[in-house]
Amino acid sequence: MINFEEELKRFQPIPEVNQAEEAIYKNDLKDISDIVMVVTAEMKSQAAGAANPLAGRIG
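Read on for an overview of the structure. Quick caveat, the model's predicted, so the values are computed rather than measured. (Residues numbered from 1 in each chain as written. Predicted model: local features only at pLDDT ≥ 70, side-chain atom pairs only at ≥ 80, totals over all residues. Heavy atoms only, no water.)

Assigned secondary structure in the protein chain consists of three helices and zero strands. Helices (α) and strands (β) of the protein chain occur, in sequence order from the N terminus, as α-α-α. Expressed as a percentage of the 59 residues in the protein chain, the buried residues total 0%. Surface summary for the protein chain: the accessible area is close to 6000 Å², and the carbon and sulfur share equals 61%. (Helix = DSSP H or I, 4+ residues; strand = E, 2+ residues; numbered from the N terminus. Buried < 20%, exposed > 50% of the residue type's maximum accessible area, 1.4 Å probe, protein only. Areas by Shrake-Rupley, 256 points an atom, 1.4 Å probe, with all protein chains shown as cover.)

With that settled, the discussion passes to a nonpolar patch on the surface. On the surface, Ile32, Ile35, Val36, Val39 and Met43 cluster together into a nonpolar patch covering about 470 Å² of accessible area. Tracing the chain through its elements places valine 36 in helix α3 (residues 32-51). Since its relative accessible area comes to 45%, valine 36 is described here as partly exposed. (Patch = residues over 30% accessible without salt bridge, like charges linked within 9 Å, V, L, I, M, F, W, Y side chains within 5 Å. Salt bridge = Lys/Arg side-chain N within 4 Å of Asp/Glu carboxyl O.)

For the structure shown, the criterion picks out two salt bridges. With its nearest N and O atoms 3.7 Å apart, the salt bridge here joins glutamate 6 to lysine 9. One end of the pair is glutamate 6 and the other is lysine 9, both in helix α1 (residues 4-10) and three residues apart, which spans about a single turn. Its relative accessible area of 37% is what places glutamate 6 among the partly exposed residues.

Pasting the structure below:
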């Protein structure tokens, strides 16, 4: 039978995994929710522009 307490005492993290983990967390990767928010904002701004033909032309 596995003695989990003994296994945890011998556990040592692999440095490459820690480095990869840090690199992944430092990158600002977009997930699907970020993409949906950007597309939704673009669609709303386009719809607002279509509703008001003078929007964006004054200036």
